[in-house]
Amino acid sequence: MSPPRILFIDAYDSFSNNIVSLLTTTLEAEVDILPIDPPELSPDSPSFAKDLTDLLRHYDAVVCGPGPGSPNLAQDVGLMKYIWELEPAHLVPVLGICLGFQSLVVSCGGIVKKLQTGLHGMIRDIDHDIHRPSLEEGNIFCGVPPFKATLYHSLHADIGQDGIAAGDWEVSKWSRPAHLPDIVPQAWVYENRGDDTERILMGVKHSKKPFWGLQYHPESICTEPTGHQVIQNWFKEAVRWDRVNSRIREPEPSSLRSITRLPKSNAHPIDESMNYSENSLKGYDSWLNGGSELASFGLNRRYRSCSLRLPIHIEVPDIVEILQGGKKDFIILDSASAKASRIGADVRGKYSIIALDVDETMKLEYRAGDRHATARCSSPHEFSQKITEQIPLGPGQTIWQLLAGFWNKRKVPVVDYAPHFLGGFMGFTTYELGLEGIDVNVYQDRPHNRPDLSFAWVTKSIVIDHTQGTVRIQQLLPSGSDGKAWMDSIANKLQMSAVWSDGLRADFTKFAQLNELTPPSTPKSISIRTNILVPDADEYESKVRTCQDYIASGDSYELCLTDQTHITQTRSCSPADSSTSALAPAEPGTAPGTPWQLYRALRSRQPAPFGSFVRLGGATLVSSSPERFLEFDADGLCSMRPMKGTVRKSHGGGGTGAATLADAEAVLHVPKEEAENLMIVDLVRHDLHAACGPGRVRVPKLNAVEEYASVFQMISVVEGRLPSPSPPPPPLDGGNESNNKRTSVATTTGLDVLAASLPPGSMTGAPKKRACEILHAVEGRRERSLYSGVVGYADAAGRGDWSVTIRSLFRWDDEVAAVVPGDGQGQEQGGQLEREVWHIGAGGAVTALSTADGERDEMFVKLKGPLGVFDVDDEV
Ligand SMILES: C=C(O[C@@H]1C=C(C(=O)O)C=C[C@H]1O)C(=O)O
Ligand SMILES: NC(=O)CC[C@H](N)C(=O)O
C-alpha cells in the first residue's frame with residue numbers, strides 16, 4: 001500500500017520543515033509543501049475553486065501551518081482561508097497549527113486578540129481531557145498522557161472563555177460556546193498574569209467538519225514526545241473520516257509547480273553529466289566546461305604537506321608577518337582563544353588557518369541581484385597577466401550552483417593525518433547575500449559595486465593545530481610536481497626568523513585588559529584623528545519598542561535588532577597596500593591605525609574561537625567572533641551552534657553581569673533567555689531539515705552556557721546528516737569508470753546547507769523572512785554588509801567551517817568619508833587627506849519579554865569589545 005500523502009500549506013514560517021519532518025516520521029507519510037500563495041493557484045483566477053479541489057484530491061489530509069501575521073489578513077493566510085470554505089462535497093480532513101488554528105477559529109466566527117504578553121518559546125502544561133467520553137468521537141487528545149508543549153504566538157482565540165465564572169470552568173471548558181456552535185474546545189493553557197489567569201485556547205475541533213486545530217507547536221524540540229500522539233490521533237481521525245465518507249485519493253501525486261518536498265534519505269543523486277549535453281551548455285556550465293583559463297585554475301591537484309613544531313610563544317599573526325609581508329590580500333581564520341585550549345579549557349577553536357599568497361590565487365565574486373559572477377586572477381605563475389572573466393548565470397541558476405560545480409571538479413580525498421582544511425574555498429558572504437536567498441529583495445539600488453560573496457580558491461596554506469602545537473605547511477599542487485622545494489622554503493623562512501627563535505615581538509598585552517561597562521560616549525582620550533559615531537541610546541530603545549510592537553501584533557516571535565557604529569579616521573595607508581603595509585606594531589601610546597594593528601589589538605583584547613582577518617574583494621574584516629555558524633564534514637554531518645543569551649562578564653564588585661560561570665548559569669537559565677535560544681534552535685532545525693530531510697536533525701546540546709573573553713553566552717548545538725548518495729549506476733557499456741562519462745555525481749553537500757541557511761537565524765529572529773523585512777525597515781533601510789554575514793571555508797575534501805560575522809570591524813576600500821577641511825578631526829594638509837570608515841555592528845534578540853534598556857545595554861556590551869581597539873586608554 002502506498003504511504004499516506006499530506007499537503008502542508010506553508011505560511012512562510014521558520015518552523016515549517018520541522019512540522020513536515022514530524023508528519024513524515026510519525027505518520028510515515030509523504031508530505032508535499034505548498035506556499036500559501038502559489039502563483040499557479042491564485043484566488044483571482046476564474047478556475048480557482050476547481051483548481052483547488054482538483055489539487056486536494058491528491059491528498060489524504062491537509063495541514064495548515066504556522067506563520068507570521070494575523071488570521072484576519074488575507075495575505076497572511078492565503079489559501080488557508082479557502083480550505084475552511086470548501087463545499088461539503090469537496091471537504092478534506094485538515095489540521096491547523098498556530099496561525100492555521102487561528103484561521104480555523106476565525107472561519108467559525110471566533111475572534112483573535114492580542115495576548116497580554118506574547119508567548120514565544122515558552123513551554124507550558126497542556127490541559128486536555130484524556131477520558132471524557134463525550135469527546136471520544138474526534139477528540140484527538142483522547143488517551144494522551146499529560147505533556148508540555150512549546151508556544152510561539154502573540155495572538156490567541158477568543159471564544160468567550162473570559163465570561164465563564166471560575167466555579168463553572170471545569171464543567172464548561174469543553175462545551176461549545178453558545179454563540180460559536182461549530183467550535184468544540186479540546187485543550188487549554190493557563191497563563192499566570194499576576195492578578196489574573198489568562199485562559200488560552202490550545203486545541204479545537206469543528207463540530208461538523210473534519211477540521212482540527214492546535215495553537216501550540218507540536219514540532220518544537222521542547223514539546224514532549226508524548227504530545228506526538230495527538231498528531232497520530234488526528235491522522236487516525238482523518239483517515240477514518242475519509243473512509244466513512246468514501247473519499248478516495250488520486251493515486252498519482254500532484255504536479256503543481258510550486259510544490260516542494262524535503263529531501264529523502266535515499267534520494268537518488270543527481271548525475272551532473274545527465275543535466276546537459278555538450279552542445280546545450282548554458283550559463284555557468286559553459287564557463288566551467290568551456291576551457292576558459294580561469295575555469296581550469298587549480299584542477300587536477302593533489303595534497304602535500306609537512307609539519308613543524310610550533311614554538312610556544314608564536315602566535316598566528318607572527319607567522320603571517322614572517323611569511324606574508326608586502327602582500328595585499330589575506331584570509332586568516334584565527335582561533336585566538338586557543339591558548340586556553342592547550343590547557344584544555346577551550347576546545348572550540350582548535351585550528352587556525354592562514355591562506356598563503358592570496359594575491360595570486362583565483363577569486364570568485366558575486367553581487368546579490370546580478371545574473372553573473374566574476375572570476376579574477378593575477379597569478380604571475382599561472383597567468384602572465386591579471387585576468388578577469390564574467391560568468392553568466394543561466395535562468396534559474398544560482399551562485400551556489402556555480403560554486404558547487406567549481407568545487408566538485410576539484411575534490412581531493414580526505415587525508416587522515418590532516419583532519420582540517422586542506423585547501424579550497426575561503427572567504428566571506430554579506431548579510432545581503434543571505435537576504436537574496438530568502439527572497440527579501442530590498443537592495444536593488446545600492447550606491448556601490450561591492451561583492452556580497454568573495455571566495456578565493458586557496459592552494460597554499462598553513463594550519464596551526466593549537467592542541468598539538470604543530471604547524472602544517474600544505475599545498476594542493478599539480479600532479480607531476482612534488483612541492484617539496486616550496487614547503488622547505490616556507491619552513492626555512494619560519495625557522496630562520498628572529499621571532500621564531502627569540503620570541504621577539506610586539507607587546508600588545510595592554511589591549512587585553514577588559515574594563516567594566518560604562519555608558520557609551522565618544523572617548524575623550526582618543527586620538528584626534530578618529531571620529532566615532534555610536535548609536536543614539538534613546539533611539540535604540542525606541543527601535544526595541546517598535547520591534548516589540550511587531551511582536552505583539554503577531555508579525556514576529558523574535559527580532560535580532562542591530563545597529564552600527566562608524567569610526568572615521570585618517571586613512572592608515574592606501575587601499576592598494578592597506579593590508580599589512582606595515583605588519584608593524586602601533587607606536588607606543590597611540591591608537592592602532594592599520595587594519596593589521598587593529599587585528600592584533602582585537603585578538604589580544606578579545607580572543608575568540610572564530611576570529612579572522614580578511615582582506616578580499618575590496619573589504620577588510622577584523623573579527624573576534626565567538627559564534628560558529630555551520631561546520632560540515634565530508635560524510636555529510638552538519639553542525640550548527642546558534643548562540644542566544646548574553647551576559648557581560650563582570651569582575652566582582654556587584655552591578656549587572658556575572659563574575660563566574662555559575663553566576664552566568666543562574667542569569668541565563670531563566671525563561672526569557674532559554675526561550676530566545678529555543679526559538680533559534682527550532683529555526684535552525686528547520687533550515688537543516690531543508691537540506692537533510694525528515695528525521696535527520698537532532699539537538700545534542702540545548703542551552704549550555706559558555707565562557708568567552710568578555711561575555712558568557714548561551715549556545716545550543718543542532719546537528720543534521722545529509723542524505724548519502726547512493727552509489728553511481730554501473731557503466732552502461734560495462735567499461736571501466738574512466739570511460740564512463742557519468743562519473744561526477746552531484747548530491748547535497750555542506751555548501752547547499754550554507755546556501756539554505758543564510759542569513760544566520762541568530763542574527764535575524766523568527767520567522768526569518770518576515771523578521772528580515774521588519775528589521776530592514778526598523779534599522780533604517782541600511783545595509784548590514786559584512787556584519788551578520790559569514791566567514792569561513794569549504795575545503796577540497798568537502799568539509800567546511802563558517803562563523804557568524806559579529807564582534808568585528810569592517811571597512812571597504814572604496815568608502816572614503818567626506819573631509820570637512822579644518823573640522824579639527826583630520827590632520828589634513830590643504831584639506832586633502834583621505835579618511836576611511838570602519839563599521840562595527842552590534843545588537844541582540846528582542847522578544848516580548850525584553851526591556852528597552854536591557855537591550856540597549858546588551859548592544860553596548862557587544863560593541864565595547866571591538867570599539868575598544870580604537871582607544872589606547874580603553875575608556876569607551
Ligand atoms: C547580534 C549580536 O549577537 C547575536 C545575538 C546574541 C543574543 O541575542 O544574545 C548572541 C550572539 C549573536 O548571535 C552581536 O554580537 O552583535
Ligand atoms: N506561530 C504562529 O503561527 C503565530 C501565529 C500568529 N502570528 C501569532 O503570533 O499569534
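Residues numbered from 1 in each chain as written. Chains lettered and ligands numbered in written order. Predicted model: local features only at pLDDT ≥ 70, side-chain atom pairs only at ≥ 80, totals over all residues.

Once that is clear, we can look at the overall build of the protein. Helices and strands together make up the secondary structure of the protein, namely 21 helices and 37 strands. Each of the 876 residues in the protein was classed as buried or not, and the buried ones make up 51%. Of all intrachain contacts in the protein linking residues separated by at least 6 positions in sequence, the fraction that spans at least 24 positions is 74%. (Helix = DSSP H or I, 4+ residues; strand = E, 2+ residues; numbered from the N terminus. Buried ≥ 20, exposed ≤ 12 C-beta atoms within 10 Å, placed from the backbone. Contact = placed C-beta atoms within 7 Å.)

Attention now goes to the site of ligand 1. Contacts to ligand 1 come from 18 residues, most closely from Thr-646, Ser-762, Ile-806, Gly-844 and Ala-845. Of all elements in the fold, only β23 (558-570), β28 (643-648) and β37 (835-846) reach the threshold of two or more residues within the shell around ligand 1. Ranked by residues supplied to the shell around ligand 1, first place goes to β37 with 5 residues. The residue inventory of the shell around ligand 1, partitioned by class, reads 7 nonpolar, 7 polar and 4 charged. (Near = placed C-beta within 6 Å. Nonpolar A, V, L, I, M, F, W, Y, C, P; charged D, E, K, R; others polar.)

Attention now moves to the site of ligand 2. In the vicinity of ligand 2, the contacting residues are Pro-66, Gly-67, Pro-68, Gly-69, Cys-98, Leu-99, Gln-102, Tyr-152, His-153, Ser-154, Leu-155 and Gly-554. Residue composition of the shell around ligand 2, by class: 6 nonpolar, 6 polar and no charged.

Taken together, 8 strands build an open sheet; the order of strands is β2-β1-β3-β4-β10-β9-β8-β6 and the sheet is mixed. What marks the edges here is a single partner per strand, and that holds for β2 (30-35) and β6 (127-128). Of the strand pairs in this sheet, β6 and strand β8 (residues 183-193) are connected by 2 bridges, and their pairing is antiparallel. Paired with Asp-127 across the two strands is Trp-188, which belongs to β8. (Pairing = 2+ DSSP bridges.)

Glancing now at unusual backbone geometry. A cis amide bond links Leu-758 with the next residue in sequence, Pro-759, at an omega value of -10 degrees. In the Ramachandran plot, Ser-246 falls in the positive-phi region, its phi being about 50 degrees despite a non-glycine side chain. Here the phi dihedral of Ser-788 falls at roughly 80 degrees; this positive angle occurs in a residue that is not glycine. Here Ser-788 is to be found in the loop between α20 (768-778) and β33 (790-795). Judged by the 27 C-beta atoms lying within 10 Å of it, Ser-788 falls in the buried class.

This brings us to the packing of helix α18 (residues 671-692) against helix α19 (residues 750-757). It is the contact of α18 with α19, at a shortest axis distance of 9 Å, that shows an interaxial angle of 140 degrees. Considering the angle they form, α18 stands oblique to α19. The two elements α18 and α19 meet at a crossing, and its hand is right-handed. Contacts between α18 and α19 involve Asp-687, Leu-688, Ala-690 and Ala-691 from the former and Asp-752, Val-753, Ala-756 and Ser-757 from the latter. Residues of the contact of α18 with α19, tallied by class, amount to 5 nonpolar, 1 polar and 2 charged. (Axes fitted to C-alpha atoms, helices over the stretch in contact; angles between N-to-C directions. Parallel < 35°, antiparallel > 145°, perpendicular 65-115°, else oblique. Left-handed = near helix turned anticlockwise from the far one by under 90°.)

This part covers the nonpolar core. Ranked by internal contacts, the top residues of the largest apolar core, which has 232 residues, are Ile-6, Ile-9, Val-62, Val-63, Ile-331, Leu-403 and Leu-559. Sort the elements by how many residues they give to this core and α18 lands first, with 11 residues. (Core = buried A, V, L, I, M, F, W, Y, C linked by C-beta atoms within 7 Å.)

The next thing to look at is the confidence of the model for the protein. The predicted model of the protein averages 87 in pLDDT, with 85% of residues at 70 or higher. Taken together, the stretch residues 267-279 has pLDDT below 50 and engages in 20 contacts with residues farther than four places along the chain or on a different chain. Contacts for the low-pLDDT stretch residues 341-345, under 50 throughout, to residues beyond four places or in other chains number 10 contacts. We note a pTM of 0.91 for the whole complex and an ipTM of 0.98 for its interfaces. (pLDDT = per-residue confidence, 0-100.)

In terms of burial, helix α5 (residues 99-107) is a largely internal element, 8 of the 9 residues being buried. Taken residue by residue, α5 has Leu-99, Gly-100, Phe-101, Gln-102, Ser-103, Leu-104, Val-105 and Ser-107 as its buried positions. One or two steps after α5, the chain reaches Gly-109, where phi turns positive at roughly 105 degrees.

The next thing to look at is the pairing of strand β21 (residues 470-478). Most of β21 is tucked away: 7 of the 9 residues are buried. Two elements, strand β20 (residues 460-465) and β21, share 6 bridges in a ladder whose sense is antiparallel. For Ile-462, the partnering residue across the bridge sits in β21 and is Ile-473. Hairpin connection, β20 to β21: the antiparallel pair is bridged by 4 residues, and Gly-469 has positive phi, about 70 degrees.

Axes are the key here: two packed helices are described by the angle between their axes and the distance separating the axes. Direction vectors running N to C along helix α1 (residues 16-27) and helix α7 (residues 228-244) enclose 70 degrees, while the axes themselves pass 10 Å from each other. Classified by the angle their axes make, α1 and α7 are roughly perpendicular. Here α1 contributes Leu-22, Thr-26 and Leu-27 to the contact with α7, which in turn contributes His-228, Ile-231, Gln-232 and Phe-235. Residue classes in the contact of α1 with α7 are distributed as 4 nonpolar, 3 polar and no charged.

Turning to the environment of Asp-357, a few remarks are in order. Among the structural elements, Asp-357 can be located in the loop between β14 (351-355) and β15 (362-366). Separated by 390 residues in sequence, Asp-357 and Thr-747 place their C-alpha atoms 32 Å apart.

With respect to the helices and strands, Ala-794 occurs in strand β33. On the neighbour-count criterion, Ala-794 (24 C-beta atoms within 10 Å) is buried. In this structure the C-alpha to C-alpha distance between Ala-794 and Gly-110, which are 684 residues apart in sequence, comes to 52 Å. Excluding anything up to four places from it in sequence, Ala-794 contacts Trp-407, Gly-424, Phe-425, Gly-750, Leu-751 and Gly-800.

With that settled, consider the pairing of strand β26 (residues 628-632). When you tally the buried positions in β26, you get 4 out of 5 residues, the bulk of the element. Where β26 and strand β34 (residues 800-804) come together, 4 bridges link them in antiparallel fashion. Its bridge partner being in β34, Arg-628 is matched across the sheet by Ser-803. Following β26, the chain reverses through 4 residues before pairing antiparallel with strand β27 (residues 637-640); Gly-636 in that reversal takes a positive phi of roughly 90 degrees.

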